[in-house]
Amino acid sequence: MKPHAGDDAPARALLLTATPEDPDSNRSAPEPAYAISTRDLVKSYPGPDGTAVHAVRGLDLDVSQGETFAFLGPNGAGKSTTIAMLCALARPTAGRAVVAGTDVVARPDRVRRNVGMLFQHSALDPDLTAEQNLYIHTRLYGMGRRHARRRVGETLEAVALTDRRRSPVRTLSGGMRRRLEIARGLLHEPRILFLDEPTTGLDPHARAQVWDHLRTLRERHGTTLFVTTHYLEEAENCDRLAIIDAGRLVAQGTPFALRAAIGDDRVVLRTGDDTTARQVVHETAPPGTALTLDADGLCLRVPDGSAWIPRLCAALEAHGIPVRAASATPPTLDDVFFHHTGRSITTARPPQPETGKDA
Ligand SMILES: Nc1ncnc2c1ncn2[C@@H]1O[C@H](COP(=O)(O)OP(=O)(O)OP(=O)(O)O)[C@@H](O)[C@H]1O
């Protein structure tokens, strides 16, 4: 995803309105039941020839306080548009969204005070130091000098960059820059942090570090994290996830529940004659079982796959077909994604990780 071409509020204006000293702040208000709640949320854009592009079509979403929530979907599914509405950067066409207890249409300024955003593309100034980049943002948030100094120190420490505070950003690794962006998103102590593909392009070590810091943030401060990612293992570690496709929510739940709902295990057999084996397996497996033959071998989906392997092997060997390998694996999140969208999440993954070292 790219930074949203917000149709309602440029990012800088957004920051300038997000003054934490606003006396109308709702920080002392009772905690709302959900960090994020939407009902029938719609966003349409004017399309070519007077048509409309329906980017989000009636979204019902509930994200609990302190939850780490993954928001998945193929390219163009409506993820950025949804985040833009939830951060009060784009006005919904219809429906309702309440973020940190505040309606995004009625009080967009208050919503912006309560959320932090990390966009995929860096907006850091490479020639300024880490702490100078943060100080600029404290000014945009209208913080007093003493408050700013405290928050810059605290947020740098939260992402383990205190010892690099005087380093120009261009000398930091990709992982460090991403952590600095997280620090920037935290300066005004938001209740909810929206992270748009926070680890895309990072090597596995740097990705793990970013997630360590996010987990600590959530444990220490109860910050709600709303994350888009193309990495299944990251979605797997979230409390819950939602999948959006063509503007509609197609699945929502814990990773475990979503995998369980798919049900069947994937059994793969490699035999001496896969074409003949297909017929034998067809006759042996439960009626209606879908069978495919691909580079992995002969694949089928059955409940309790490991119990089926000996039966299938016996049937094949009885027909003189040697079995070279057999495996049964429970459904993965990619299976869930494929089931609901007809695509594999890995094919939608953006390009090559950065290869630099991260400290
Ligand atoms: N400002 C706009 N004007 C017109 N159409 C838009 C605008 N912004 C988004 N769209 C369209 O809305 C749909 C959803 O786009 P969106 O960027 O929200 O998807 P996404 O899931 O974030 O995709 P990606 O992962 O590729 O960034 C797409 O068809 C897109 O072309």
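The structure this text deals with has already been given above.
These lines cover the structure that appears in this document, whether it is placed above or below. Everything quoted here is computed from the prediction, not taken from an experiment.

## With respect to the environment of A106
Move 1: Along the polypeptide, A106 turns up in the loop between strand 5 (102-103) and helix 3 (108-114).
Move 2: With a relative accessible area of 55%, A106 lands in the exposed category.
Move 3: In this structure, the C-alpha to C-alpha distance between A106 and A88, residues 18 residues apart in sequence, is 10.0 Å.

## Considering the sheet that holds strand 1 (residues 34-46)
Move 1: With respect to topology, 4 strands assemble into an open sheet ordered 2-1-4-5, the strand pairing being antiparallel. Of all the strands in the sheet, the pair left with one neighbour each is strand 2 (52-64) and strand 5.
Move 2: Inspection of the sheet shows strand 4 (residues 94-99) paired to strand 5 by 2 bridges, in the antiparallel sense. Bridge assignment links V99 to a residue of strand 5, and that residue is T102.
Move 3: Most of the contacts of helix 2 (residues 79-86) go to strand 1, to which it runs at about 120 degrees, and overall it touches strand 1, strand 2 and strand 4.

## Quick notes on the state of the cysteines
Move 1: Applying the stated criterion to the full structure yields 0 disulfides.
Move 2: The cysteine C87 is free of any disulfide, with C238 supplying the nearest cysteine sulfur at 17 Å.
Move 3: Cysteine C299 is unpaired, with the sulfur of C313 as its nearest cysteine sulfur at 14 Å.

## Some details on helix 7 (residues 204-221)
Move 1: In a regular helix each residue adds 1.5 Å, so 18 residues correspond to 26 Å; helix 7 covers 26 Å between its end C-alpha atoms and thus fits that length.
Move 2: Three or more residues of helix 7 are buried, namely A206, R207, Q209, V210, W211, H213, L214 and L217.
Move 3: Between a side-chain oxygen at the N-terminus of helix 7 and the backbone nitrogen of H205 the separation is 3.0 Å; the capping residue is D203.
Move 4: Note on helix 7: the residue one or two positions beyond its end, G222, has a positive phi of about 70 degrees.

What counts, and at which threshold
- Residues numbered from 1 in each chain as written.
- Predicted model: local features only at pLDDT ≥ 70, side-chain atom pairs only at ≥ 80, totals over all residues.
- Heavy atoms only, no water.
- Helix = DSSP H or I, 4+ residues; strand = E, 2+ residues; numbered from the N terminus.
- Buried < 20%, exposed > 50% of the residue type's maximum accessible area, 1.4 Å probe, protein only.
- Pairing = 2+ DSSP bridges.
- Contact = heavy atoms within 4.5 Å.
- Axes fitted to C-alpha atoms, helices over the stretch in contact; angles between N-to-C directions.
- Disulfide = S-S within 2.5 Å.
- Expected span 1.5 Å × (residues − 1).
- Polar contact = N/O pair within 3.5 Å; in protein donor to acceptor, adjacent residues only side chain to side chain.

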